[in-house]
Amino acid sequence: AFQDVNHMVVFGCGFFFAFLRRFEFSSIGLNLLIVVLGVQCSVLTEALFLFLLHRPNEAGLQRITKAIVSVTAVVISTGAVLGKANPVQLILMTVVEMIVFHLNRWLHNTFLQVPDNITMMHVHLFGAYFGLAACSHFSEPSPGSEKNRSTPKSDLFSMLGTVFLWVFWPSFNSVLAEVEKSKAVYNTYFALAASAGTAFVLSALTTREGKFHMAHIHSAILAGGVAVGNAAPSIEYPWIAMILGLHASVITILGSYCLQRCFNPPLRIHDTSGVHFTFGLPAVLGALAQVVLLVIQNWTGLPRLDYLVWFHIGALCLSINVALISGFITGLILNFKLFKNIPASKYFEDQLYWEFPHLAVGF
């Protein structure tokens, strides 16, 4: 299960973000840099928290598994600033976000008594809103920029990453589950299957000539896995997971239209990879769905029901607020002159960071 999650984060996410025509080297290579740095930072930060709280350390494999799951938040945040932040800025963002993510987990565990496996499944929510807040400080790219587009080859790379994520997502949702691991696996699979089917249908219905749109398929087929993350071990019937996956896919595709045209322009947010509608909105839907399932399952115990509902809603709001505030401050810091911001005309350009021998001038 750990190896599945490792493949998912390193290989799947690396190729998932390789859709920009001139930023493929950086999308895959810098993703690996962020992951290896984030895992080390996560292990050290969690060890520090355990030391300060006088709690015993966990086994090595469990510790590194939590670290690789935690670093997913940074990878998602990177998608929002993809092509606009230089490697130094990405490294700083990785360190800060890992520390804040573990602080957010500590707040959940201490004040809301939220179990570890639930706080870890907030990685999609936290990563999406942290990235959105951070990217608000970066300049928008030039309208109609040729570099801010994909090609059939880059779309193929990106779809390869999407398929890897789709295949390994059941392991991601079940690797930290304390009970009902098998239930988490098959509920995630059914949610993913429903979201994938819905994505193809909606894509054909919302495009001209009834053809599939690669951007829709690229993001919406993963929405079910994101949405079912919190509730996967507790869903009793597969049809509930399928309904959740269907709604998540609908929200993702409709969100891709509404957010890019109505929400992002007034706030001057340029979300390069669409992490808001790919990860953020499905994660919010999943958190709210978990509250609904708790209400249904505990309808007879009203006093306990009130506590469960408010504590899950509080956990959702806390994660969003901590992510937005810390992401906004981090984005402000990243734009200091010390870190040599990239001008908008140089966005989405591999040649700033990588050698291209075939483009070098001969001696």
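Here goes a summary of the coordinates provided.

Conventions used here
Counting restarts for each chain: residues are numbered from 1 in the order of the written sequence. Per-residue local features are limited, in this predicted model, to residues with pLDDT of at least 70; the limit for side-chain atom pairs, both in listing and counting, is 80 or more; totals at the level of whole chains, interfaces and linings are taken over all residues. Calculation of side-chain values draws on the structure's entire complement of heavy atoms; hydrogens and water are dropped beforehand. Secondary structure is summarised from DSSP: a helix means a run of H or I of at least four residues, a strand means a run of E of at least two, and numbering begins at the N terminus for each. Computation of the radius of gyration draws on C-alpha atoms, with the globule rule given as 2.2 Å multiplied by the number of residues to the power 0.38. Note on exposure labels: buried denotes an accessible area under 20% of the residue type's maximum, exposed denotes more than 50%, and partly exposed covers the range between, all computed with a 1.4 Å probe on protein chains only. Residues count as neighbours in contact if any of their non-hydrogen atoms are within 4.5 Å of one another. Shrake-Rupley sampling with a 1.4 Å probe provides the accessible areas, and residues are treated as covered by the protein chains on show and by no other component. Positive charges come from Lys and Arg, negative ones from Asp and Glu, while His and the chain ends are left out of the count. The atoms used to mark charge sites are NZ of Lys, CZ of Arg, CG of Asp and CD of Glu. When the centres of two rings from Phe, Tyr and Trp lie within 6.5 Å, Trp using its six-membered ring, the rings pair. Their planes under 30 degrees apart give stacked, over 60 give edge-to-face, and anything left gives tilted. Using only the protein atoms, space was sampled on a 1 Å grid; points where a 1.4 Å probe fits but cannot get out form cavities, open sets with protein on both sides within 12 Å along at least five of seven lines form pockets, and lining residues are those with an atom within 4 Å of a point. Grid points are joined across faces, edges and corners, and a volume is the space filled by probe spheres set on the points. Residue polarity follows a fixed list, in which Ala, Val, Leu, Ile, Met, Phe, Trp, Tyr, Cys and Pro are nonpolar, Asp, Glu, Lys and Arg are charged, and the others, Gly among them, are polar. Residues grouped as a nonpolar core are buried Ala, Val, Leu, Ile, Met, Phe, Trp, Tyr and Cys residues, joined through side-chain atoms within 4.5 Å.

The helix and strand tally for the protein stands at 13 helices and zero strands. Relative to a compact globule of 363 residues, whose C-alpha radius of gyration would be 21 Å, the protein shows 20 Å and is just as compact. By principal-axis analysis of the C-alpha atoms, the protein measures approximately 75 × 55 × 40 Å. The buried share of the protein, taken over its 363 residues, is 53%. Contacts in the protein between residues at least 24 apart in sequence constitute 80% of all its contacts with a sequence separation of at least 6. As displayed, the protein offers around 16600 Å² of accessible surface, 69% of which is attributable to carbon and sulfur atoms. Distance between charge centres in the protein, computed from 20 positive and 18 negative side chains, equals 7 Å.

Another aspect to go through is the packing of aromatic side chains. In total, this model carries 16 aromatic pairs according to the counting rule given. A ring pair is formed by F25 and W354, whose centres lie 5.9 Å apart and whose planes are at 90°; its orientation type is edge-to-face. Of this pair, F25 sits in helix α2 (residues 24-52) while W354 sits in the segment after α13 (302-334), and the two are 329 residues apart along the sequence. The exposure class of F25 is partly exposed, given its relative accessible area of 42%.

Quantified by volume, the largest pocket comes out at close to 980 Å³. For the lining of the largest pocket, the elements supplying multiple residues, two or more each, are α7 (152-174), α9 (214-220), α11 (238-267) and α12 (275-297). Top contributing element to the lining of the largest pocket by residue count: α11, with six residues. Considering only residue class, the lining of the largest pocket consists of 11 nonpolar, 20 polar and five charged. Considered as a void within the structure, the second largest pocket measures approximately 340 Å³ in volume. If you go around the second largest pocket, you meet 16 residues; those closest to its centre are N117, I118, V179, P233 and S234.

We now examine the nonpolar core. V69 and W169 are the most contacted members of the largest nonpolar core, which totals 74 residues. No other element matches the nine residues that helix α3 (residues 60-80) contributes to this core. Residues contacting V69, with those up to four places away along its chain left out, are V5, M120, M121, V123, F172, V175 and L176. In this structure, A227, A231, L244 and A289 belong to the second largest nonpolar core, which totals 14 residues.

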